[in-house]
Amino acid sequence: MKNLRFCSEQIVWQEVPHETSLAFLITGCPLGCKGCHSTESWKVGSGQILTKNYLIEQLNKYQGLISCVLFMGGEWLPEQLIPLLSYCRKRGLQTCLYTGLERNELSAELLSQLTYLKTGRWIAERGGLNSLTTNQRFIDLRTGENLNHLFSKGV
């Protein structure tokens, strides 16, 4: 069985609007989007294994300080990601997945464990979530609302 691994972990404020998130950049991304700002996430087998015990330690460390756990990738190992998402939700935290895939390419089981979902491959000429021409979408799965407008400057 392959392990879910990450190459970076940080507390972030901008990636999930109105949330303070513990973010893990998961390695092994199979998409390889041209112009990707996280090419260090491409190499399969690199980074630290993200075990449930490690996640528990980090959630305990940041208890009361974070409101969300963000996984930047990992959907290619749903059997590893879903239990971690489920655990985060049981702890009362919001959950978010940044994926280059589209919503209809993800399983219902995975989607059921998410509060927020960022979809769409990186296409440099279309821009990111703050661009009016982007192909990417940031959705609140509780309401179905597209929250892209919250990434625009001046909001």
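By convention here, each chain's residues receive numbers from 1 onward along its written sequence. Reporting in this predicted model follows two pLDDT cut-offs: at least 70 for local features of residues, and 80 or more for side-chain atom pairs to be given and counted; totals over whole chains, interfaces and linings ignore these cut-offs and use all residues. In computing side-chain properties, one takes all heavy atoms of the structure into account and sets aside hydrogens as well as water.

By the criteria applied, helices consist of DSSP H or I runs no shorter than four residues and strands consist of E runs no shorter than two, each listed in order from the N terminus. Scanning the protein chain from terminus to terminus reveals three helices and eight strands. Walking the protein chain from its N terminus toward its C terminus, one meets helices and strands in the order β-β-β-α-β-α-β-α-β-β-β. By the compact-globule yardstick of 15 Å for 155 residues, the protein chain fits well, its C-alpha radius of gyration being 15 Å. When a residue's accessible area, from a 1.4 Å probe over protein chains only, is under 20% of the maximum for its type it is buried; when over 50% it is exposed; and in between it is partly exposed. For the protein chain, the proportion of its 155 residues judged to be buried stands at 48%. In this description, contact between two residues means that some pair of their heavy atoms is separated by no more than 4.5 Å. Here the contacts in the protein chain between residues at least 6 apart in sequence split such that 53% fall between residues at least 24 apart. Two things to know: the radius of gyration comes from C-alpha atoms, and the globule rule equals 2.2 Å times the number of residues to the power 0.38.

At least two DSSP bridges between two strands are required for those strands to pair. With mixed pairing, eight strands are arranged side by side in an open sheet as S3-S1-S2-S4-S5-S6-S7-S8. A strand with exactly one partner marks an edge of an open sheet, and here the two such strands are strand S3 (48-49) and strand S8 (145-146). Taken together, the two bridges between strand S7 (residues 137-140) and S8 define a ladder with antiparallel strand orientation. Its bridge partner lying in S8, Asp140 is registered against Glu145. In the packing of helix H1 (residues 52-61) onto the sheet, the strands contacted are strand S1 (5-12), strand S2 (21-26), S3 and strand S4 (68-72), and the crossing angle to S2 comes to about 150 degrees. To get an axis, a line is fitted to the C-alpha atoms, and for a helix only the part in contact is used. The angle between two axes follows their N-to-C directions and goes from 0 to 180 degrees.

The subject of this paragraph is the nonpolar core. Among the nonpolar cores identified, the biggest contains 29 residues, and Phe24, Leu50, Leu59, Val69, Phe71 and Leu97 are the most heavily contacted of them. If you list the elements that add at least two residues to this core, you get S2, H1, S4, helix H2 (78-90) and helix H3 (108-111). Excluding anything up to four places from it in sequence, Leu97 contacts Leu70, Phe71, Gly73, Glu75, Leu81, Leu106, Leu110, Leu114, Tyr116, Leu117 and Lys118. Residue types Ala, Val, Leu, Ile, Met, Phe, Trp, Tyr and Cys, when buried and joined through side-chain atoms within 4.5 Å, form a set referred to as a nonpolar core.

What follows is about the side chain of Lys118. The topology assignment puts Lys118 in strand S6 (residues 116-119). A positive count includes Lys and Arg, and a negative count includes Asp and Glu. His and the chain ends are not counted in either. We count a salt bridge whenever a side-chain nitrogen from Lys or Arg sits within 4 Å of a carboxyl oxygen from Asp or Glu. Nearest to the buried, unbridged Lys118 among oppositely charged side chains is Glu102, at 8.3 Å. Setting aside its immediate chain neighbours within four residues, Lys118 contacts Leu97, Tyr98, Thr99, Leu129, Gln136, Arg137 and Phe138.

Each aromatic pair joins two rings of Phe, Tyr and Trp (for Trp, the six-membered one) with centres within 6.5 Å, and gets the label stacked for planes under 30 degrees apart, edge-to-face for over 60, and tilted for any other angle. One pass over the full model with this rule turns up six aromatic pairs. When the ring of Phe6 is compared with that of Phe24, the centres are 5.2 Å apart and the planes differ by 75 degrees; the resulting orientation is edge-to-face. Here the residue Phe6 occupies a position in strand S1, and Phe24 occupies one in strand S2, the gap between them amounting to 18 residues. Residue Phe6 shares its accessibility class with Phe24, and that shared class is buried. Put simply, the rings of Phe6, Phe24, Tyr54 and Phe71 touch in pairs and so form one group of aromatic residues.

In terms of burial, S2 is a largely internal element, six of the six residues being buried. The alternating pattern of S2 places Ser21, Ala23 and Leu25 and Leu22, Phe24 and Ile26 on opposite faces, both of which are buried. In this structure, S1 lies alongside S2, joined through six bridges in antiparallel fashion. Among the inter-strand pairings, Val12 is bridged to a residue of S2, identified as Ser21.

For the coordinates displayed, the defined rule picks out one salt bridge. The shortest N-O distance in the salt bridge between Asp140 and Arg142 comes to 2.8 Å.

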